[in-house]
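Residues per chain, in single letters:
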Amino acid sequence: MSGKARASRGRGVPRLGRYALRAASLAVALGVWQLLTSLDIDLWLRFSQFPTVADVARTFADRLSGPDYWTDLTDSLTRILTGFLLAAVLGVAAGVLVARSRLAEDLLGPILEVVRPIPAIALVPVAILLFPSNEQGIVFITFTAAFFPVLVSTRHTVRALTPGWEEAVLTMGGGRWRILASVVLPGALPGIFGGLSVGIGVSWICVISAEMISGQYGVGYRTWQDYTVVNYAGVFVGMVTIGVLGWLTSTAVELLGRRLTRWLPRTSYVPAGRAPRQVNRAAVAAPVSPTTQEGVPHDQLV
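Take the packing of aromatic side chains next. Across all of its chains, the model carries nine aromatic pairs by this definition. Consider the rings of F143 and F147, whose centres lie 5.4 Å apart with planes at 35°: the pair is tilted. Placement of both F143 and F147 in helix 6 (residues 134-159) is noted, with a separation of four residues, approximately one turn of the helix. A single burial state applies to F143 and to F147, both of which are buried.

Below, the discussion takes up a nonpolar patch on the surface. A surface patch of nonpolar side chains, about 600 Å² in accessible area, is lined by M212, I213, W224, Y227, V230 and Y232. Those elements giving two or more residues to the nonpolar patch turn out to be helix 8 (176-214) and helix 9 (219-228). Examined against the element boundaries, V230 turns out to sit in the loop between helix 9 and helix 10 (232-260). V230 sits in the exposed class, given a relative accessible area of 52%.

Within the chain, D40 stands out as a residue other than glycine whose phi angle is a positive 55°. Within the secondary structure, D40 is located in the loop between helix 1 (3-38) and helix 2 (53-64). Positioned with a positive phi, V230 is a non-glycine residue whose angle comes to about 60°.

The next thing to look at is the side chain of R79. Positionally, R79 belongs in helix 3 (residues 67-100). The exposure class of R79 is buried, given its relative accessible area of 3%. Separated by 2.6 Å, the side chain of R79 and the backbone oxygen of Y217 make a polar contact.

Side chains that carry opposite charge are capable of pairing whenever their charged atoms lie near each other. What the rule picks out here adds up to eight salt bridges. In this structure, the salt-bridge partner of D55 is R58, at a minimum N-O distance of 2.3 Å. On the criterion of helical spacing, the pair formed by D55 and R58 is a turn pair, its members being three residues apart in helix 2. D55 gets classed as partly exposed once you look at its relative accessible area, which sits at 27%. Between E113 and R155 there is a salt bridge; the shortest N-O distance is 3.1 Å. A residue pair is termed long-range when its members are at least 10 positions apart, and E113 in helix 4 (residues 102-115) and R155 in helix 6 qualify at 42 residues. Residue E113 is classed as partly exposed on the basis of its relative accessible area, which comes to 31%.

A word on helix 7 (residues 163-171). Within helix 7, burial applies to W165, A168 and V169. Looking straight down helix 7, one finds its buried side chains confined to an arc of 95°; they lie on one side. In this structure, helix 7 carries P163, E167 and T171 as exposed residues pointing more than 90 degrees from its buried face.

Core analysis: the biggest nonpolar cluster contains 49 residues, and I141, F147, L196 and W204 have the highest contact counts within it. Elements represented by at least two residues in this core include exactly helix 3, helix 5 (124-130), helix 6, helix 7, helix 8 and helix 10. Examining the composition of this core, we find that 14 residues originate from one element, helix 8, more than from any other.

Definitions and limits used
Residues numbered from 1 in each chain as written. Predicted model: local features only at pLDDT ≥ 70, side-chain atom pairs only at ≥ 80, totals over all residues. Heavy atoms only, no water. Phe/Tyr/Trp six-rings, centres within 6.5 Å; stacked < 30°, edge-to-face > 60°. Helix = DSSP H or I, 4+ residues; strand = E, 2+ residues; numbered from the N terminus. Buried < 20%, exposed > 50% of the residue type's maximum accessible area, 1.4 Å probe, protein only. Patch = residues over 30% accessible without salt bridge, like charges linked within 9 Å, V, L, I, M, F, W, Y side chains within 5 Å. Areas by Shrake-Rupley, 256 points an atom, 1.4 Å probe, with all protein chains shown as cover. Salt bridge = Lys/Arg side-chain N within 4 Å of Asp/Glu carboxyl O. Polar contact = N/O pair within 3.5 Å; in protein donor to acceptor, adjacent residues only side chain to side chain. Arc of directions from axis to C-beta. Core = buried A, V, L, I, M, F, W, Y, C linked by side-chain atoms within 4.5 Å.

Here you go:
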């Protein structure tokens, strides 16, 4: 067996063990839920009021076989993706602008800081008055929820960039757009994706709440409808659906961020008793360019 094959096999075994451990923890949690609810345990918490895992599974299977579930799923995903993509583009643009321009900071900064503490869900009355349809209002709520985490994270990351990178580009004759494309945006990517990860989670919270208040379709609307008719198994189906959708979209954002920031040094977990991997000190000492995956001198940055 070659050295590369042995290394790949060595990485695969611990990874499978971690996946098995995660699956086991989920199975244990479901087992405890089933036990407490099936035995009608009432101590400090009233588990007798909860549906069992079997009840939720049966209701989930019934929903999957009907058209309403998929309609709700499509509507919620359309709203979340539309609002989130708008927030990603405008949040990054506004964050870079405020961080790089004193005039923009003086003009936009006070307005943004006054609006930022207002919960997005509190803007539902504003959305109802401002937009002609509930659909546009829900997208607006979703956009607002994700916009400010992206804005703040981008602003702080751009301000923390090393000045030497920008000076190197200026020395080579580059202008503002060159600095923006080769230094500012690549260097700010870790912070940008940090804000996007937070923003997608907050967006799910707010879009579900907005659907409960003013929606006609969607996972949040259906969950609230189940609660009003005392269909608690249906409520838990909605909660599970929201959790899975939130996890999938957050994971997609994180994977995209890792893909676009491969040039960053990564830290890895080293189990107890295992010797840490030797590090090439020369490679660590070399400065890392935000546009490449290798350390290069500043005077070669173009």
